[in-house]
Amino acid sequence: MLMLTSVLWASPGKAQDMSTKKITLTLKNETLKNALGKVEALSGFRMAYPPEQINKWKNVNLSKATRSVKETLELLLADTQLNFKQSDNIIVIFRPAEQLSANVDTTIHPLPAATNSAPMRTIIGSVVENKTNTVLPGVSVQVKGTSRGTQTQSDGTYSLQVPANQKVLVFSFIGYETKEVEITASNQTDVTLLPASFGLKDVVVVAYGQQKKATVTGAIASINTKELVQSPVSNLTNALAGRLPGLITTQRSGEPGVDGSSLYIRGVATLNGASPIIMVDGIERPMDYVDPNDIETLTILKDAAATAVLGMRGANGAILITTKRGKAGPPAVSFRASTGITEATRLPKYLGSYDYATLYNEALVNDGAEPAFNQKQLEGYKNGSLPNTDYYKFMMKPSSVAQGNLNVSGGNNIARYFISAGYNVQDGIYAHSKENADGYNGNNNIKRYNLRANVDVDITPTLAARVDIAGIMTDRRDGNNSAGDIMNLANRMAPIYPIFNPNGSMWGNGTFQSNIFGELSQKGYRRFYNNTVQGTFALTRKLDVITKNLTAKASFSYDNTNTPSATYGRNYAVFEPLYDAQGNITSYKQSGQDTKIDPNGSFNGGGANRSTYLEAVMNWNRQFGKHEATGMLLWNRRLTESGASIPKAYQSLLFRGTYNYMQKYLLEVSASYQGSENFPKESRYGFFPSVSAGWVLSEENFIKDNVSFLSFLKIRGSYGEVGNDQAGDDRFLWFTSWGGGDPYYFGTNAGQANGWKQGAIGNPGVTWERGRQANIGLEARLWKNLLGITLDVFKQRRSQILIRRSTLSDVFGQDIKAQNIGIVDNKGFELELSHENRIGNVTYFIKPNVTFARNNIVFQDEVPQAYPWMKRTGHPINTKFGLVADGFFKDENDVKNSPFQNFSQYGPGDIKYKKLTGDTYDYIQSNFDETAIGYARTPEIMFGATLGAAYKGFDISLLFQGATHTDLRLENEAVYEFFQGGKVKPFHLGRWTPETAATATYPRLHSSTNGNNHRASSFWVKDASYLRLKNAEIGYQLPKKWIKPVGLSYFRIYANGMNLLTWDKLKDYQVDPEIGDGNGAMYPIQRIWNFGIDVRF
Amino acid sequence: CKKGFLDRAATTQQQDKDIFTSFAMTDQVVSNLYSRLRGAYTYLGGYSMSSGTDEAKDASSWMGSMSFNNGSWSGANNPIGNTWRDNYVAIRQANAILEGVAKYNTPDDANNPGALQNRIGEVYFLRAYYLAELIRQYGGAIIVTKTIDQSDEVALNQPRNTYDECVAQIVADCDEAIKRLPVIYPTTQVGRVTKGTCMALKSRMLLFSASPLWAIAGKTSYQGDISTGTSATDPEKWRKAAAAAKEVIDLQGTQGAEYKLENTLADRLNMFTNNTLLSKEVIWVRMKETNDSYDRYLFPYGSNGWSGCSPTQNLVDDYEMANGKAITDPASGYNAAKPYENRDKRFYTDISYNGAAWKGRKIETFERGKDEQSTQTDHSRTGYSCRKLADESITINQAPGRDVHGILFRLAECYLNYAEALNEYDPGNADIARYINLIRSRAGQPELPTGLGQAEMRQRIHNERRIELAFENHRFWDVRRWKIAENTEKVIYGMRPIADESAPGGYRYEKFKVEDRLWRNAMYLIPINTDETLRNPKMKQNEGW
């Protein structure tokens, strides 16, 4: 009789060979059973043996040596009558006689069990996921028609005693199609399960854990690696636009290394910091430079049910990133590399010299001055004998990006690993940046290096350890000036000025000491480093001894970020030609000095951030018949030190419990009790509860029986209270303290006398901001996969927002720290639809989503306004205010008969404003005639749609993304004519002149800043709605038969692009629709064309 | 949870008690109170207040003076800055010191007994000075003599006091200060408030209070009399103003009169640059108001300057001929073809013009000249540059630089204050001409003719003040308190030399209009920050804003 014990099986795959696998082992007076156990542990093989045969043998000795598994076993079994052989990852030990006598190898004979008279056999095997070969733990395995059953273990294996007369096993797992398998003569039955349908296969990541998507009751959205890696960007925040319903993104700059997007979940709902909390692998960490290839999933948490456990950090929502982990199996190697070309999506255009000079003359005349350019000069500009400089053409060139990632994952049922190395480089688009004597390159550039090792080790069957180490290094360079400076120069310098003089020197004078070539190439360079190391160590202990499925985990993390920088700066001289009466250059007048880079440089230690995090958590889950419940109790403590400031500290105790009945009626309760050092003792801790419930209607018989097209329907709702502790950089709000102030000077040698002053007045009792949030959601799938719907409707109120009083009279004479007084409402919805289908050999999908979030300031202690239309309260945050432009003054009569405008002198052709004050004032002034004239810059509506199709090896996908309900107000160089010596754009040609009065699109020109026209008014507010082809990717997967001979399992080539097309209403301004309000000095957003390969071994 | 993990805040941070139980700390708070002084030369957001008047014009269109000139200033845009708030911040600090010293019984300086009383006197004066700053700009303000609690709605929302109540408060605080202050400090303490400083402030504010804008209106209102045309004044107010000015003049130091005019024009020029802290003419300065960046602001384009504060033709025309006659006087000998010959000597020390010697070369304001008159950035828009406050020995962007200690009060002002006030209630008093002539003779100008009537004398005093105190942050306030801005702030002229070989000196001079300025009588006062008038329902905005 043979009995197999220890029936955990490694997942199938490429088995190791016992004759080549080496182990080192030494034994002294061991039992054979223990000896085999050690071999098992060391080799990764599983041993199957008849215990009654093995137990006989004791006092086994083995001298220390490295031998193959086969040799080891031969030595150990030499004295016994036992033989062995390898079968996949299992070594079966048997008595040769038995083997011969039995019909079939390793067939189990009935167990002499007291309780069961029927003959039993033990079936072992493993369950894996169909596509990915991932092992599936927790799969229910049942003998069909009986109550006999078990679940797969954490490594996906199972063993079950099956009555000999039973022939069918039923494998079922939520999210997967149930499978019935007939038992063959073999006692090993491996099964692969097919995902039941798209979208539900996953467990989803939630704060401090995971949940089954089908039974989640909070508002959550997620995406995975595949979508993230489609964007060839160095900053992860730029890969998210349009992909996640509920996420609002804005990218204000395209400068390598400083181009991160602002992310808001459900918009901006507070007068304070509205950024969501970002967590990577359960710990608050920045996400910007995480390698997308390392990411398993990225999830956003939107409602209180999902974020209440985050306490006073959760009110703005959360972004959770989970990195990949190893799975048991042979090493899986994945390599991805791509390279591409990058260029500006759009560059400002300015008029050339002739138009410039003509318009400038016109402007001067309008201002009552004499023209500055004579006919001869105009002629020269026209025929090209005088300078006509196009700065953008001079300073920009296409550039390159590249990225690569190599990762390996694998392991066995004892240890599993995921290791990864990534590289990303993005070059700036400045031309000429290398043209200097020193040979440095002043072009912007960022290089990012990522290293990661995520390791899981099962120390014993009940104790597991996890070690994650990640290194993120970025190395950024610029030309020792900000992009703003360069863009401002390019936006300001009139085309009539040359870049170079006839003798080759750089042109400039006392006014224009900056030369575009000099700024690009002669200023030296700066290096900015970001050295981040993140490490986590965790131990998980199964506590089934206390109660089933109870685990305890303790983890510790230490993150360290240093951001030093080095400046290698120099200055350059510019020269202005001096002419004689004949117009010949006699000499040059120098401004500025050429200097050299200081060999010792200048170094700045930069920021130093250290965070430690401690967590202890108990997890429990249990199924009682049709009832399922889970519970989690977690304590954590976080300490963040930044530079030399007093550390920031949090600690919290939090709880989450879920319950469902037949996966049909769902209930979840969660709460956290959290404290921050930033508040005074009496108001330091807060309690943040939430409750949510769901009802899976599609599980009800009345739906199942009557509405056949409805494959899945869940409605859910949540309500809870979350907090926000952000109040700018100001800390310790309850304190009034004294500190250094401006010094003064006394004595005939003006010696310094230090100054000291009282700081802002503190407010005892300040506490966190409250966020009460309600959410109702619906998830449905109709006609199998033809239509999927996820709809969420939410309403939030933030109160106790920490802001400073605005109504305190200035006679008070001192600043006051923030108080808990602001109130903001926010409401909106998110809708995502999906459609997936196959027609012939073509599979395709369409997945559009839309997010709408509108906030409303309820209270902000606003200065009492003289007139209701001036009130900011009652409008969304950052609503634009200004005068209402009412066309242009037609003629002198129009000027005379209209209310006086108190800004600067004006006349026909200047902007006419609406007077809102009725009879109270006889003139228009900015104080009382300004009203809401436009949306805030952060959009209220964001939408996106991914479309994809695959045919045989080909695939294509597109992401359209856009935003609306957002307005842009540009000023200064970006739109005002001749702003402070600046220039003009093509749309200025539409200016008002007496002749074009009827059709003019721009007011009369002025030669410098004009107080009447150049001020906040609706004239300058433009609808900044846009639609982009944000991403497009086309790929081809080489047929297996081509790549198999070279040892590859997967080979895909692809081309993708980013920001390929943009449709918007800002053509006049020639700016990107995501540009910020202001002077338009923005490093252009980049369009990228990229080509790459994706290989797996 | 372990107790104390969240107790991170430094409970050791300084509180009131820690400050006021220490002389050294209290002294530092007083120093910081001084640092809030706005300098006279950079009063307008870092640049000259002169460019907001008919004295000068800035070259860069982004400077605050442009708002004054084109009329785009308002309660939401005070080109000087948010001075309503700034001054109340300073006043609160003064009150906090006075209260703190009383409450915590601050010890005197062990090494320098009496220093504490000096500091208290200085704080009294500074409280008065910051209130004076408020009423100079806005008219009657709110008198605050204690630190207000944020929940004290009554104190926070008071109506404005009348102008004269504010002046009385200033005078009272100055008198408190005078009791505690010395006439002179040792050289290591120069820059501190002295008895003379207090008297000079009294002189200035009483003169303001007696002037047409405030003489009658100020008695009952925070609002000045902004009606068009002249307004009656009150002889009693003039008498007080004259007495206050005379007190400064008569203040005795260790060797007779404490203050003396510099002897020569060269010494006077030196007083503005190198000798500020040692000059006996100087009563009080804003220490380290600015540095050689001010020279860059003033210097002409050809010397790498910004041509800021370019004098106007309006001002140039008001310089007398060397014979003491106005150029409009046919007997003056003024020759429009040679406009810069035989003028008041202060014209040559205070203003750079085409052909003037400057840093070893000649000023060239003609077309294509080094200092070309032009509307381009950093070019003089008027054809002149300010020389009085510039240090010719400086080379822009080259070390060594210099510190500029801006003069807030000097003796010449007090002479002019005295003469002006005296002429209004006691015309014909010999002191009037006497003190004006002291200033004139220092400049090499002949004495005033005898037998001038009151109005003629007033005209001469006004003009003397215009010339002597040019660019020192007086004109903006004088044209207001005299109520003449409605005439002076209208059109600004410049002078453009045109190369012409037939003209004497090779240049023909063409007077041209630089700009029209926008004037409304409401502009006699600066509007209070609009938000502030809305926060405090009892506080009214100035008329017309």
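This one's a predicted model, so the numbers in the text were calculated from it and none came from an experiment.

In this section: the overall build of chain B. In terms of regular secondary structure, chain B is built from 20 helices and 12 strands. Expected size for 545 residues packed as a compact globule is a radius of gyration near 24 Å; at 24 Å, chain B falls within 12% of this value. Overall size of chain B, expressed as C-alpha extent along the three principal axes, is 95 × 60 × 50 Å. Here chain B holds 545 residues, and the buried ones make up 63% of them. Residue pairs at least 24 apart in sequence account for 72% of intrachain contacts in chain B once pairs closer than 6 positions are excluded. Carbon and sulfur atoms provide 49% of the accessible area of chain B, an area that totals close to 19,300 Å². Considering chain B, the positive charge centre built from 68 side chains and the negative charge centre built from 69 side chains are found 2 Å apart.

Another point: the pairing of strand β30 (residues 585–591) of chain A. All names here are of chain A. Bridging between strand β29 (residues 574–579) and β30 involves 6 bridges; their strand directions are antiparallel. Paired with P577 across the bridge in β30 is Y588. As consecutive antiparallel partners, β29 and β30 are separated by 5 residues, and within that stretch G583 has a phi angle of approximately 85°, a positive value.

Attention now goes to the packing of helix α5 (residues 115–138) of chain B against helix α8 (residues 195–210) of chain B. Residues and elements named next belong to chain B. Contact pair α5 / α8: the axes reach a minimum separation of 11 Å and the direction vectors enclose 25°. With respect to each other, α5 and α8 are oriented roughly parallel. For the pair α5 and α8, the sense of crossing is left-handed. Two secondary-structure elements touch here, α5 through F125, A128, Y129, A132, I135 and R136 and α8 through T197, C198, L201, R204, M205 and F208. The residue makeup of the contact of α5 with α8, split by class, is 9 nonpolar, 1 polar and 2 charged.

Attention now moves to the environment of S420(A). All names here are of chain A. Within the element layout of this structure, S420 appears in strand β24 (residues 415–427). It is 7.1 Å that separates the C-alpha atoms of S420 and N405, two residues lying 15 residues apart in sequence. A polar side-chain atom of S420 sits 3.1 Å from a polar atom in the side chain of N405.

Quick look at helix α2 (residues 23–35) of chain B now. Its 13 residues give α2(B) an end-to-end C-alpha distance of 19 Å, which sits within 8% of 18 Å, the value for a rise of 1.5 Å per residue. Where burial is concerned, most of α2(B) is hidden: 11 out of the 13 residues are buried. Within α2(B) the residues assigned to the buried category are F23(B), M25(B), T26(B), D27(B), V29(B), V30(B), S31(B), N32(B), L33(B), Y34(B) and S35(B). In this structure, the buried residues of α2(B) make contact with β37 (738–746) and β38 (751–758) of chain A together with α1 (16–20), α4 (83–104), α5 and β4 (282–291) of chain B. The backbone nitrogen of A24(B) has a side-chain oxygen 3.3 Å away, supplied by the residue at the start of α2(B), namely S22(B).

All names here are of chain A. Ordered in space as β15-β20-β21-β18-β19, the 5 strands form an open sheet in which the pairing is mixed. Of all the strands in the sheet, the pair left with one neighbour each is β15 (220–224) and β19 (283–284). Relative to strand β21 (residues 318–323), strand β18 (residues 277–280) runs parallel, the two being bridged by 4 bridges. Across the sheet, I278 pairs through a bridge with I319, a residue of β21.

A separate point is the interface of chain B and chain A. Taken residue by residue, the interface counts 84 residues in chain B and 82 residues in chain A. In this assembly, chain B packs against chain A so that about 6,700 Å² is buried in total across both faces, 54% of it on carbon and sulfur atoms. Connecting chain B to chain A are 6 salt bridges. Put simply, the parts of the chain that give the side of chain B that touches chain A at least two residues each are α1, α2, α4, α6 (153–156), β4 and α20 (530–535) of chain B. In terms of residue count, the dominant contributor to the side of chain B that touches chain A is α2(B) (7 residues).

What follows is about the side chain of N1059(A). Residue and element names in this part refer to chain A. With respect to the helices and strands, N1059 occurs in strand β54 (residues 1050–1064). Within the local environment of N1059, its side chain forms a polar contact with the backbone oxygen of Q1086, the two atoms lying 2.8 Å apart. In this structure, N1059 is in contact with T345, R1028, L1029, K1030, I1085, Q1086 and R1087, ignoring residues within four places of it in sequence.

Residue and element names in this part refer to chain A. Burial analysis of strand β20 (residues 295–301) places 6 of its 7 residues in the buried class, the great majority of the element. Bridge analysis of β15 against β20 gives 5 bridges, and the strand direction is antiparallel. Note that in β20 the partner of S222 across the bridge is T299.

Before going further, it helps to examine the confidence of the model for chain A. Residues and elements named next belong to chain A. Per-residue confidence for chain A averages 88 on the pLDDT scale, and 95% of its residues sit at or above 70. Across residues 1–14, confidence stays below pLDDT 50; counting only partners more than four residues off in sequence or on other chains, it has 53 contacts. Counting interchain partners and residues more than four positions distant, the pLDDT-below-50 stretch residues 98–116 has 25 contacts.

One key point about sheets: their strands pair by backbone hydrogen bonds, in either a parallel or an antiparallel sense. Residues and elements named next belong to chain A. The 4 strands are arranged β8-β7-β10-β11 in an open sheet whose pairing can be described as antiparallel. Strand pairing shows two members of the sheet lacking a second neighbour, β8 (149–151) and β11 (179–182), which therefore form its edges. If you compare each strand with its neighbour and ignore which way they point, the axes differ by 20° on average. Across 4 bridges, the pairing between strand β10 (residues 168–172) and β11 is antiparallel. Across the sheet, residue V168 finds its bridge partner in β11, namely E182.

What follows is about unusual backbone geometry. Put simply, A399(B) and P400(B) share a cis peptide bond, and its omega is -10°. Looking at the element boundaries, P400(B) is found in the loop between β9 (385–386) and β10 (403–410). Phi is positive for N972(A), which is not a glycine, with a value near 50°. Backbone geometry places C309(B), a non-glycine residue, at a positive phi of 50°. With respect to the helices, strands and loops of the structure, C309(B) is situated in the loop between α12 (293–298) and β5 (310–311).

Before going further, it helps to spend a moment on the nonpolar core. All names here are of chain B. Counting 166 residues, the largest nonpolar core has F125, L201 and W284 as the members making the most contacts within it. Considering every element that reaches this core, the biggest residue donor is α5, with 15 residues. Here F125 is in contact with D173, C174, A177, V193, T197, C198, L201 and W284, once residues within four sequence places are set aside.

Going through the model one piece at a time under the given rule, you end up with 109 salt bridges over all chains. For D458(A), the salt bridge identified is with R416(A), shortest N-O distance 3.3 Å. Taken together, the residues span a long stretch of sequence, with D458(A) in strand β25 (residues 445–460) and R416(A) in strand β24 at a distance of 42 residues. Here D500(B) and R508(B) are joined by a salt bridge, their closest N and O atoms 3.0 Å apart.

Scoring rules and cut-offs
- Sequence positions are assigned chain by chain, starting from 1 and proceeding in written order.
- For naming, the first written chain is A and the first written ligand is 1, with later ones following in the order written.
- Only residues with pLDDT of at least 70 get local features here, since the model is predicted, and only at 80 or more are side-chain atom pairs given and counted; chain-wide, interface and lining totals rely on the full set of residues.
- Where side-chain values are given, they derive from all heavy atoms of the structure, hydrogens and water being excluded.
- Helix numbering and strand numbering both begin at the N terminus, where a helix is a DSSP run of H or I of at least 4 residues and a strand a DSSP run of E of at least 2.
- Radius of gyration means the value over C-alpha atoms here, while the globule rule gives 2.2 Å times the residue count to the 0.38 power.
- Whether a residue is buried, partly exposed or exposed follows from its accessible area with a 1.4 Å probe, protein chains only, as a fraction of its type maximum: under 20%, in between, or over 50%, in that order.
- Only heavy atoms enter the contact rule, under which two residues are in contact if any of them lie within 4.5 Å.
- The Shrake-Rupley method, run with a 1.4 Å probe sphere, supplies the accessible areas, and residue values consider only the shown protein chains as cover.
- We treat Lys and Arg as the positive residues and Asp and Glu as the negative residues; His and chain ends play no part in the count.
- The atom standing in for a charge is NZ when the residue is Lys, CZ when it is Arg, CG when it is Asp and CD when it is Glu.
- Pairing between strands requires that DSSP locate at least two bridges from one strand to the other.
- Axis definition: a line fitted to C-alpha atoms, over the contacting stretch in the case of helices. Angles run 0 to 180 degrees between N-to-C directions.
- The cut-offs work like this: below 35 degrees is roughly parallel, past 145 is roughly antiparallel, 65 to 115 is roughly perpendicular, and the gaps in between are oblique.
- In this scheme, a crossing is called left-handed if the near helix is turned counterclockwise away from the far one by less than a right angle; it is called right-handed if the turn is clockwise.
- Each residue gets one of three labels, nonpolar for Ala, Val, Leu, Ile, Met, Phe, Trp, Tyr, Cys and Pro, charged for Asp, Glu, Lys and Arg, and polar for the others, Gly among them.
- Polar contacts, as counted here, are pairs of nitrogen or oxygen atoms within 3.5 Å of one another; within protein the pair requires one atom able to donate a hydrogen and one able to accept it, and residues that are adjacent in sequence qualify only if both atoms are side-chain atoms.
- Here, expected helix span is obtained from the residue count minus one, scaled by 1.5 Å.
- Once two parts are brought into contact, the accessible area they lose, counted with a 1.4 Å probe and summed over both, makes up the buried area.
- A carboxyl oxygen of Asp or Glu within 4 Å of a side-chain nitrogen of Lys or Arg is what we treat as a salt bridge.
- Every residue gets a pLDDT, meaning the predictor's confidence in that residue, from 0 to 100.
- Here the nonpolar core consists of buried residues drawn from Ala, Val, Leu, Ile, Met, Phe, Trp, Tyr and Cys, with membership extended through side-chain atoms lying within 4.5 Å.

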